[in-house]
Amino acid sequence: MKTKSKSFKITYSTLNTNQMERVHQEFDSALINVKNDCGNNHSNWVNGKTIQGANTLKLRSPINQNHILGYFTQATHEQTAQAVQAAKDAFAAWNQMGWKARCALLQTAAGLIRDRKYYLAAVMTLEVGKNRLEALGDVEESADLISYYCQIMEENNGFVRQMDRLAANENVMGYLVPFGVWGVIAPFNFPMALSAGMAAGALATGNTVVYKPSSDAPWTGVLLNKVFVEAGLPDGVFNLLNGAGSIIGEELVTNDNVDGLVFTGSKIVGMDIYQRFSKHYPKPCIIEMGGKNPAIVTQNGNLDTAAEGIMRSAFGFGGQKCSACSRAYIEESVFHEFLELLLHKTKSLIIGDPTDQDTFLGPLINSNAYNDFQSYVDSAHKDGTVLTGGKLYSRSNLDNGFFVEPTIITNLEEDHPLVKSELFCPILYIRSVKNLGEALTFANDTEYGLTAGFFSEDQEEIDLFFNTIRAGVTYVNRRSGATTGAWPGVQPFCGWQSSGSTGKGCCGPYYVTQFMREQSRTVMT
Ligand code: NAP
């Protein structure tokens with residue numbers, strides 16, 4: 001079961017490829033098919049059957065609110081409980097199937113995702129407003145996450161190992177075994193990759209799943225479910241429920257038959273889930289949350305590389321990434337030169353319809369984010385300085401979408417809410433610092449601890465950065481993204497402090513172990 005493929009793929013680090021013309025042709029023809037499929041009705045999926053909820057969500061594109069993408073049934077509390085029961089009933093057989101057979105099915109699913117990548121990416125551009133390459137990266141990452149977790153099962157022999165013995169007639173085997181039913185609650189911003197990754201972690205290890213996509217990305221959720229169904233997962237092993245977090249999420253958090261929860265999303269929702277999930281005894285709850293990710297540039301850094309990397313991480317997908325760079329600390333001797341480069345690159349970004357080939361920055365996800373952006377900018381004008389951007393982006397063909405300008409702000413106190421809180425929109429705070437020591441102090445002065453970037457050619461400075469920064473995902477001199485762009489099997493993606501609960505990251509070699517518990521099996525002969 002070899003999983004590593006050398007075939008061409010778009011990742012978040014892809015800046016250029018000689019295959020770009022073909023990529024765009026394939027995307028264009030997939031987009032035509034996707035547009036033809038807009039406006040359809042979509043059901044939920046429980047125990048191998050479609051199921052209709054009480055209400056229907058009419059999903060509109062953030063690019064153009066007049067564009068109806070589809071109608072999505074909304075699950076009730078009772079239907080969520082029904083899905084949990086179906087997952088519970090399916091658990092024993094799925095577990096007993098063994099990891100090799102399970103991973104064979106999951107690898108089939110990964111293959112189907114790769115086969116459909118252009119269609120899936122085109123849906124994602126319309127549904128959440130990612131540009132073409134970001135959407136293709138998300139889809140490729142989904143397939144690679146599934147494959148990587150299967151690879152980890154294989155490398156560890158399904159996490160079964162011979163243990164030592166105290167007596168000659170004692171045989172002890174150590175097993176990691178699944179818990180049972182897992183709730184999988186996904187965010188909007190990596191709608192396929194994070195859904196597929198969390199689900200694959202649970203499924204490969206022998207758990208069954210009740211999956212709740214974001215209400216902003218139900219179509220991608222439906223398509224992921226379709227992939228698992230077509231790959232041949234048995235009934236009840238993977239159940240899809242679109243609907244409100246306050247209904248489905250609440251049932252998953254409080255239902256005693258849910259054995260584990262894996263969530264990616266905001267701190268406010270994640271912490272609430274974490275604090276309430278274990279009622280009668282401790283239950284595993286993996287929560288991956290936000291970030292307020294810094295980048296630091298010293299006088300020993302390549303300024304053009306730094307400006308490019310910071311610009312891409314601050315404004316890629318409109319700053320709507322947990323790993324987005326939202327703070328930049330620049331050594332004062334190079335501050336003005338750096339700022340000039342950063343402003344030039346930022347002003348050159350192409351804002352527009354993300355289905356267009358050349359667009360870098362599409363719309364924000366919804367009206368809440370759009371309104372939040374305006375209030376953040378008002379606050380920046382009042383308390384600090386807006387260096388560029390700061391306005392809604394209006395063009396005749398974009399007037400019904402949530403488009404805003406990439407924005408750089410400065411002259412704020414370090415304890416200002418714009419410097420401290422995760423804003424999740426294209427706003428970058430920048431500050432000149434005396435030296436690396438001061439930059440590190442500011443960088444670490446956050447409740448979060450997800451990603452961090454550094455630009456310097458000086459090895460001592462690099463060592464100091466790695467040894468001092470409090471973040472789980474760190475990068476040095478990365479032009480394709482100062483703080484963004486982790487990939488399965490390449491960058492383990494672990495949130496520290498308010499960014500994550502477990503100290504083990506997705507994309508990394510220890511992720512799947514979190515979906516299992518230990519059992520030693522001693523047999524005296
Ligand atoms: P969100 O608002 O917290 O929603 C995440 C999921 O939780 C959605 O499916 C949502 O459902 C559901 N939910 C809402 N209320 C719930 C409740 N009371 N009980 C259970 N579930 C509930 O987050 P988002 O806006 O989609 O995503 C952005 C956030 O995710 C950012 O903070 C970002 O940093 C974080 N994120 C973190 C990582 C990471 O790896 N650390 C990766 C990506 C994103 P509805 O959509 O129906 O409300």
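Residues numbered from 1 in each chain as written. Predicted model: local features only at pLDDT ≥ 70, side-chain atom pairs only at ≥ 80, totals over all residues. Heavy atoms only, no water.

### Comments concerning the overall build of the protein chain
If you tally the helices and strands in the protein chain, you get 15 helices and 20 strands. On C-alpha atoms alone, the protein chain measures out to a radius of gyration of 23 Å, which is about the 24 Å that the 2.2 N^0.38 rule sets for 525 residues. Along the longest, intermediate and shortest principal axes, the C-alpha atoms of the protein chain span 75 × 60 × 45 Å. Counting every position in the protein chain, which comprises 525 residues, the buried fraction comes to 61%. Long-range contacts, defined here as pairs at least 24 residues apart, represent 74% of the contacts in the protein chain between residues at least 6 apart. For the protein chain, the accessible area works out to roughly 20,600 Å², and carbon and sulfur atoms hold 48% of it. Between the mean site of the 43 positive side-chain charges and the mean site of the 53 negative ones, the protein chain shows a separation of 5 Å. (Helix = DSSP H or I, 4+ residues; strand = E, 2+ residues; numbered from the N terminus. Rg over C-alpha atoms; globule rule 2.2 N^0.38 Å. Buried < 20%, exposed > 50% of the residue type's maximum accessible area, 1.4 Å probe, protein only. Contact = heavy atoms within 4.5 Å. Areas by Shrake-Rupley, 256 points an atom, 1.4 Å probe, with all protein chains shown as cover. Lys, Arg positive; Asp, Glu negative; His and termini not counted. Charge placed at Lys NZ, Arg CZ, Asp CG, Glu CD.)

### Let's talk about helix α3 (residues 99–115)
Look at α3: 24 Å from first C-alpha to last across 17 residues, which is about the 24 Å you get at 1.5 Å a residue. Listing the buried residues of α3 in full gives Trp99, Arg102, Cys103, Leu105, Leu106, Gln107, Ala109, Ala110, Leu112 and Ile113. (Expected span 1.5 Å × (residues − 1).)

### Topic: the sheet that holds strand β6 (residues 160–162)
The three strands lie next to each other as β6-β7-β20, forming an open sheet whose pairing is antiparallel. Edge positions in the sheet fall to β6 and β20 (516–524), since each of these pairs with one other strand and no more. The average angle at which neighbouring strand axes cross in this sheet is 20 degrees, direction not considered. Taken together, the three bridges between β6 and strand β7 (residues 170–178) define a ladder with antiparallel strand orientation. (Pairing = 2+ DSSP bridges. Axes fitted to C-alpha atoms, helices over the stretch in contact; angles between N-to-C directions.)

### Quick word on the site of the ligand
The ligand sits among 29 residues. The nearest are Ala186, Ser215, Ser266, Met289 and Glu422. Ser215 places a side-chain nitrogen or oxygen 2.5 Å from an oxygen atom of the ligand. Within the side chain of Glu422, an N or O atom sits 2.6 Å from an oxygen atom of the ligand. Expressed as a share of its isolated accessible area of 900 Å², the protein-covered part of the ligand is 85%. Those elements that provide at least two residues to the shell around the ligand are α8 (245–254), β11 (260–264) and α9 (267–277). Classifying every residue of the shell around the ligand by side-chain character gives 15 nonpolar, 11 polar and three charged. Each of two domains, domain 1 (20–289 + 503–524) and domain 2 (293–488), supplies a minimum of three residues to the shell around the ligand. (Near = heavy atom within 4 Å. Polar contact = N/O pair within 3.5 Å; in protein donor to acceptor, adjacent residues only side chain to side chain. Nonpolar A, V, L, I, M, F, W, Y, C, P; charged D, E, K, R; others polar. Domains from an automatic or database assignment.)

### A closer look at the packing of helix α1 (residues 20–36) against helix α4 (residues 117–128)
Between α1 and α4, the least distance of the axes is 8 Å, while the angle of their chain directions is 70 degrees. On the basis of their axis angle, the class for α1 and α4 is roughly perpendicular. For α1 against α4, the interelement crossing comes out right-handed. Packed against α1, whose contacting residues are Arg22, Val23, Glu26, Phe27, Ala30, Leu31, Asn33, Val34 and Lys35, the element α4 presents Tyr118, Tyr119, Ala121, Ala122, Val123, Thr125 and Leu126 at the interface. (Parallel < 35°, antiparallel > 145°, perpendicular 65-115°, else oblique. Left-handed = near helix turned anticlockwise from the far one by under 90°.)

### A short note on the pattern of salt bridges
In this structure the tally under the stated criterion is 21 salt bridges. Salt bridges sharing common partners tie together Asp304, Glu308, Lys345 and Arg479. (Salt bridge = Lys/Arg side-chain N within 4 Å of Asp/Glu carboxyl O.)

### Overview of the state of the cysteines
A full pass over the atoms with the stated rule returns zero disulfides. Just so you know, Cys103 is unpaired, no disulfide at all, and the nearest cysteine sulfur is the one on Cys150, 3.4 Å from it. Residue classification places Cys103 among the buried positions, given a relative accessible area of 0%. Of all cysteine sulfurs in the structure, the one in Cys506 sits closest to Cys494, which takes part in no disulfide; the separation is 9.0 Å. Relative accessible area serves as the criterion here: at 10%, Cys494 is assigned to the buried category. (Disulfide = S-S within 2.5 Å.)

### Considering the nonpolar core
Within the largest apolar cluster, 153 residues are counted, with the highest numbers of intra-cluster contacts made by Leu203, Phe228, Ile310 and Phe338. It is helix α5 (residues 132–155) that provides the largest number of residues to this core, a total of 11 residues. Looking at which domains feed residues into this core, each of domain 1 (20–289 + 503–524) and domain 2 (293–488) supplies at least three. Contacts of Phe338, omitting those with residues within four sequence positions, involve Val297, Leu303, Ala306, Ala307, Ile310, Ile330 and Ile430. If you look at the next biggest cluster of nonpolar residues, it comprises 22 residues, including Ala87, Val181, Leu261 and Ile287. (Core = buried A, V, L, I, M, F, W, Y, C linked by side-chain atoms within 4.5 Å.)

### Overview of the domain arrangement of the protein chain
Once the domains are mapped, the protein chain shows domain 1 (20–289 + 503–524) and domain 2 (293–488). Look at where the C-alpha atoms of domain 1 and domain 2 centre, and you get two points 30 Å apart. Contacts between domain 1 and domain 2 engage 30 residues on the former and 28 residues on the latter. Between domain 1 and domain 2 the total buried area reaches about 2,500 Å² when both faces are included, carbon and sulfur atoms providing 62% of it. Here domain 1 is connected to domain 2 by two salt bridges. Glu447 is paired through a salt bridge with Lys267; the nearest N and O atoms lie 2.6 Å apart. Taken together, the connections running from domain 1 to domain 2 amount to 10 residue pairs in polar contact (both at pLDDT 80 or more). It is α5 that provides the largest number of residues to the side of domain 1 that touches domain 2, a total of eight residues. (Buried area = accessible area lost by both parts, 1.4 Å probe.)

### Structural notes on the environment of Ala380
You can see Ala380 is positioned in helix α12 (residues 367–383). You can call Ala380 buried: its relative accessible area is 1%. Between the C-alpha atom of Ala380 and that of Asn156, which follows or precedes it by 224 residues, the distance is 51 Å. Residues in contact with Ala380, not counting those within four places in the same chain, are Thr385, Val386, Ile409 and Leu418.

### Some details on the packing of α5 against helix α6 (residues 193–204)
Remark: α5 packs on α6, axes separated minimally by 8 Å, with the N-to-C direction vectors making an angle of 15 degrees. Between α5 and α6, the crossing angle belongs to the class labelled roughly parallel. The two elements α5 and α6 meet at a crossing, and its hand is right-handed. Residues Asp138, Glu141, Ser142, Leu145, Ile146, Tyr149 and Met153 of α5 touch α6, and the partners they reach there are Ala193, Ala196, Gly197, Ala200, Gly201 and Ala204. Within the contact of α5 with α6, the residues separate by chemical class into eight nonpolar, three polar and two charged.

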